Each structure stands twice: as C-alpha cells, then as structure tokens.
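Here's the letter readout for the chains.
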Amino acid sequence: MDRNRLQHQAACMRRSLFDQGYLDEPFIQLEELQDDANPNFVQEIVTLFYTDSARLIQNIEHALSTRPTDFNKLDDYMHQFKGSSSSIGAKKVTDECTVFGEYCSAENAEGCIRSFQQVNQEYVILRRKLEVYLQMAKQAAVSRTA
Amino acid sequence: MAPAADEAKSGNGGQIQRPFTFNEIVLRNRLTALVVDGDNFCRLLQQGILQAYGLQTQTVDNGDAAVELIASGAKFDLILIDMLLPILDGLEATRRIRAMGVNCKMLGVTAFSGERERQAFLAAGVDLFVEKPLGPEVLIPILRELDGQYPSI
C-alpha cells in the first residue's frame, strides 16, 4: 500500500476514534509527547494501560464474585480504573466507570455487575480499535522514513 | 505521529480549543517533582509527562513513602499527590508533609470529582485540586510560575 494511502487511512481512523467518542483530549497530549527521542511513547503508554487494566479488571471480577460484596473494595478498584482510563483519554471507558461508581455508592450489586459488563465491553472495543490504529500509524511512519 | 493541533477532533466532531500544548514552554531552571500515585500506570504516565516538560521527577506509590522521602531531606519544586493511596492516604500524607514545613507547590491530582473531596484535599494542604487527567492548561501556567517566568501571585 503506498505511503499516502497509509497516512490517509491512519488519519481517518484517528479522526473517527475522536468523532465517535472513544478518545478524548488527553490522548492528544500523549501524542504530542512522542518525538524522535521517544518514538514509541504512545505505544508504550498504551501497552502499560492494557497491563494495568487487565489487573484491575481481574480484581473487579473477583470482588464481584465474592459474597458478601465489598463495595468499598469495588469502588477503590473502579476508582483506579477511572483514573487510568481518563489519563489516557479513554472517554467511553471513563464514563462507564463513573456509572459503576454510582452503583457502588448505592451498594447495588446487580447494578455493579451490569455496569461492569459495560465497562469491560467499552474497554475491549477501545483496545481493539487502538491496536488497529497504532499498527496503521506505525506502518505509515515507517513508510515516511523509507 | 503527533498531528497538527487543528486536526484534533472532539467527540462531538468539532474542533478542540487548545490554548496550551506541551511544547509551548521551555524551562530555564532545573525543576524537580515528586509524583505520589498508587496506580502504576498513572504514576508512570505523570512521570513521563513531567520529564517531557524537563522536570527531574521521582515517584513513590504510597503516602507513607512520600512522607519518608520528604523527612529524609529530599526537596521538590512540585509535588503531585493522589488522594487514594495505599498505606497512608493522600490527605494525611499531605497534612504531614505540610506539617514538616514544606511550602512547595502541591497539586492534588485525583479521579475524585466531588466538592467534598475538593474541600478536604484543599484543607489538607494542596494548593490546587485537579481532577485526573492533569492537562497542559493546568500544568503549564504552574511550571511557568515555578520557573520564574511569571511573577508570583
């Protein structure tokens, strides 16, 4: 695939991630921090986000399956998830974390389970889209320097 | 990879108004910072951001370690501290750091967004309560002030 098409497709995909509300302003800050001295900064940060998120999701799943439900622990885990997802600009994930937090505050176990499914779903969708976009962006960058 | 600012799009399809971008500041002095955050990702991300701005940055993952570090004599121009921390929470850690006579700029950077949390963190001693994520519109004016590029208010 020629260079211009690669770059155009990467740019289109990036624009759609913002237009569809998957990503927000903080992601732009991450992109701006990437330079020749840190050429893989975004990928490294995103990979770290995946690792951190996997840990938190596992903790939340375990806490949700434990009886009686420890809502304080659940709230702490989701609070961390909200913090990391908002820091990377993962808007839909962040919004669902907020909803989960409200169910925690209300000590509504069923609501927590339902909203966690939404959190997980949004995370999975975002991760899939980001992996595709970053791969395209990498190929476009390689083609620029070729 | 970084796009031009005018290519950025908001979730609603419109242009994002961006008064600040990270490359708008050049520090004249060597500033130091401490990041106190229990979440590995957030801690490393904030460290990466501060280092990109040119700050020499240390990190700890709990409030007790932050207090111990300050008590050992370490000095910082800027401290970013989360509210929810293991071992010793951010409120108490902030109170103890201030009680040691530390007057540097402290930002409470947290995922909490409620007024009650804001008031509690400010009462504990942070100069500013910032809901995560910490963006350039908040950080750049503070760095300019610390660097002496603006007169102190």
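Under an unreviewed UniProt entry, chain B has the name CLIP-associated protein isoform 1 and belongs to Hibiscus syriacus.

As annotated in an unreviewed UniProt entry, chain A carries the name Histidine-containing phosphotransfer protein and is attributed to Hibiscus syriacus. UniProt, in its Function (unreviewed entry) section for chain A, records the words "Functions as a two-component phosphorelay mediators between cytokinin sensor histidine kinases and response regulators (B-type ARRs). Plays an important role in propagating cytokinin signal transduction."

Participant: I'm lost on the overall build of chain B in this one. Help?
Facilitator: When helices and strands are counted, chain B shows 5 helices and 5 strands. When the helices and strands of chain B are listed from N to C terminus, the series reads β-α-β-α-β-α-β-α-β-α. Residues counted as buried form 51% of the 153 residues belonging to chain B. Carbon together with sulfur atoms contributes 48% to the accessible area of chain B, which is approximately 7,100 Å² in total.

Participant: Would you mind showing me how to read unusual backbone geometry here?
Facilitator: Negative phi characterises most residues that are not glycine, and trans characterises most peptide bonds. Residue Arg67(A) is joined to Pro68(A) through a cis peptide bond whose omega torsion reads 0°. Note that Pro68(A) resides in the loop between helix H3 (41-65) and helix H4 (71-88). The omega angle of the peptide bond from Lys132(B) to Pro133(B) is 5°, so this bond is cis rather than trans. Relative to the elements of secondary structure, Pro133(B) occurs in the loop between strand S5 (128-131) and helix H5 (136-146). A positive phi angle is found at Glu107(A), which is not glycine, with a value near 55°. Here Glu107(A) falls in the exposed class, since its relative accessible area comes to 57%. Notably, Ile87(B) is not glycine yet its phi reads approximately 70°, a positive angle. Tracing the chain through its elements places Ile87(B) in the loop between strand S3 (78-81) and helix H3 (90-99). Residue classification places Ile87(B) among the exposed positions, given a relative accessible area of 72%.

Participant: Any chance you could explain the sheet that holds strand S4 (residues 105-110) of chain B here in plain terms?
Facilitator: Strand pairing in a sheet is mediated by backbone hydrogen bonds. Such pairs are either parallel or antiparallel. Residues and elements named next belong to chain B. Pairing is parallel across the open sheet formed by 5 strands, whose spatial order is S2-S1-S3-S4-S5. Across the chains shown, the open sheet's two edge strands, defined by having one partner strand only, are strand S2 (56-60) and S5. The mean inter-strand angle of the sheet, taken between neighbouring strand axes irrespective of direction, is 20°.

Participant: Could you clarify how one ought to interpret the pairing of S4(B) in this entry?
Facilitator: Looking along a regular strand, one sees side chains alternate from face to face of the sheet. Residue and element names in this part refer to chain B. Of all 6 residues making up S4, 6 are buried, and the element is well covered by its neighbours. Both faces of S4 are covered, namely the face carrying Lys-105, Leu-107 and Val-109 and the face carrying Met-106, Gly-108 and Thr-110. Relative to S4, S3 runs parallel, the two sharing 4 bridges. Note that in S4 the partner of Ile-81 across the bridge is Gly-108. For the handedness criterion, the β-α-β arrangement of S3, H3 and S4 is classed as right-handed. Viewed along the sheet, the connection from S4 through helix H4 (residues 115-124) into S5 turns out right-handed.

Participant: Explanation requested: the packing of H4(A) against helix H1 (residues 40-53) of chain B in the structure shown.
Facilitator: To characterise two packed helices, one gives the angle between the axes of the helices and the distance between these axes. At a closest axis distance of 9 Å, the pairing of H4(A) and H1(B) adopts a crossing angle of 35°. In the packing of H4(A) onto H1(B), the handedness of the crossing is left-handed. From H4(A), Gly83(A), Ser84(A), Ser87(A) and Ile88(A) reach across to H1(B), where they touch Phe41(B), Cys42(B) and Leu45(B). Residues belonging to the contact of H4(A) with H1(B) are distributed by class as follows: 4 nonpolar, 3 polar and no charged.

Participant: What is the right way to read the UniProt feature "domain: HPt" (unreviewed entry) in chain A from this model?
Facilitator: This chain's UniProt record puts "domain: HPt" (unreviewed entry) on residues 38-140 of chain A. Here residues 38-140 of chain A runs as 87% helix and 0% strand, with 17 Å between its end C-alpha atoms.

Participant: Sorry if this is basic, but what is going on with the side chain of Glu117(B) here?
Facilitator: Residue and element names in this part refer to chain B. Looking at where Glu-117 falls in the secondary structure, it is placed in helix H4. In this structure Glu-117 comes out as buried when scored by relative accessible area, which is 17%. Each residue touching Glu-117, except ones within four places of it in the same chain, is listed here: Met-83, Phe-112 and Phe-129.

Participant: Help me understand the UniProt feature "modified residue: Phosphohistidine" (unreviewed entry) in chain A in this model?
Facilitator: UniProt records the feature "modified residue: Phosphohistidine" (unreviewed entry) at His79(A), using the numbering of this structure. By the element assignment, His79(A) lies in helix H4. For His79(A), a relative accessible area of 11% corresponds to the buried category. Those residues in contact with His79(A) that lie beyond four places of it in its chain are Leu84(B), Thr110(B), Ala111(B) and Phe112(B).

Participant: Even after reading the chapter, I still don't get the UniProt feature "domain: Response regulatory" (unreviewed entry) in chain B, so can you show me in this structure?
Facilitator: The UniProt entry lists residues 32-147 of chain B under the feature "domain: Response regulatory" (unreviewed entry), expressed in the numbering used here. Secondary structure across residues 32-147 of chain B divides into 47% helix and 21% strand, with the first and last C-alpha atoms of the span separated by 11 Å.

Participant: Which parts of the structure should I look at to understand the packing of aromatic side chains?
Facilitator: Any pair of aromatic rings gets described here by the distance separating the centres and the angle formed by the planes. Per the counting criterion, the structure on display carries 6 aromatic pairs over all chains. Ring plane angle 55° and centroid distance 5.6 Å describe the contact between Phe49(A) and Phe41(B), whose orientation is recorded as tilted. Residue Phe49(A) is found in helix H3, and its partner Phe41(B) is found in helix H1; the two belong to separate chains. You'll find Phe49(A) and Phe41(B) in the same group, each marked buried. Measuring from ring centre to ring centre gives 6.1 Å for Phe81(A) and Tyr123(A), while their planes differ by 65°; the resulting arrangement is edge-to-face. Here Phe81(A) is found in helix H4, whereas its partner Tyr123(A) is found in helix H6 (residues 109-145), with 42 residues between them in sequence. Look at Tyr123(A) and you get buried, because its relative accessible area is 6%. Ring pairs connect the aromatic residues Phe49(A), Tyr50(A), Phe81(A), Tyr123(A) and Phe41(B), which therefore count as one cluster.

Criteria and cut-off values
- Residues numbered from 1 in each chain as written.
- Chains lettered and ligands numbered in written order.
- Predicted model: local features only at pLDDT ≥ 70, side-chain atom pairs only at ≥ 80, totals over all residues.
- Heavy atoms only, no water.
- UniProt positions renumbered as here; feature names shortened; annotations may be inferred.
- Helix = DSSP H or I, 4+ residues; strand = E, 2+ residues; numbered from the N terminus.
- Buried < 20%, exposed > 50% of the residue type's maximum accessible area, 1.4 Å probe, protein only.
- Areas by Shrake-Rupley, 256 points an atom, 1.4 Å probe, with all protein chains shown as cover.
- Pairing = 2+ DSSP bridges.
- Axes fitted to C-alpha atoms, helices over the stretch in contact; angles between N-to-C directions.
- Right-handed = clockwise from strand over helix to strand, strands pointing away.
- Left-handed = near helix turned anticlockwise from the far one by under 90°.
- Contact = heavy atoms within 4.5 Å.
- Nonpolar A, V, L, I, M, F, W, Y, C, P; charged D, E, K, R; others polar.
- Phe/Tyr/Trp six-rings, centres within 6.5 Å; stacked < 30°, edge-to-face > 60°.

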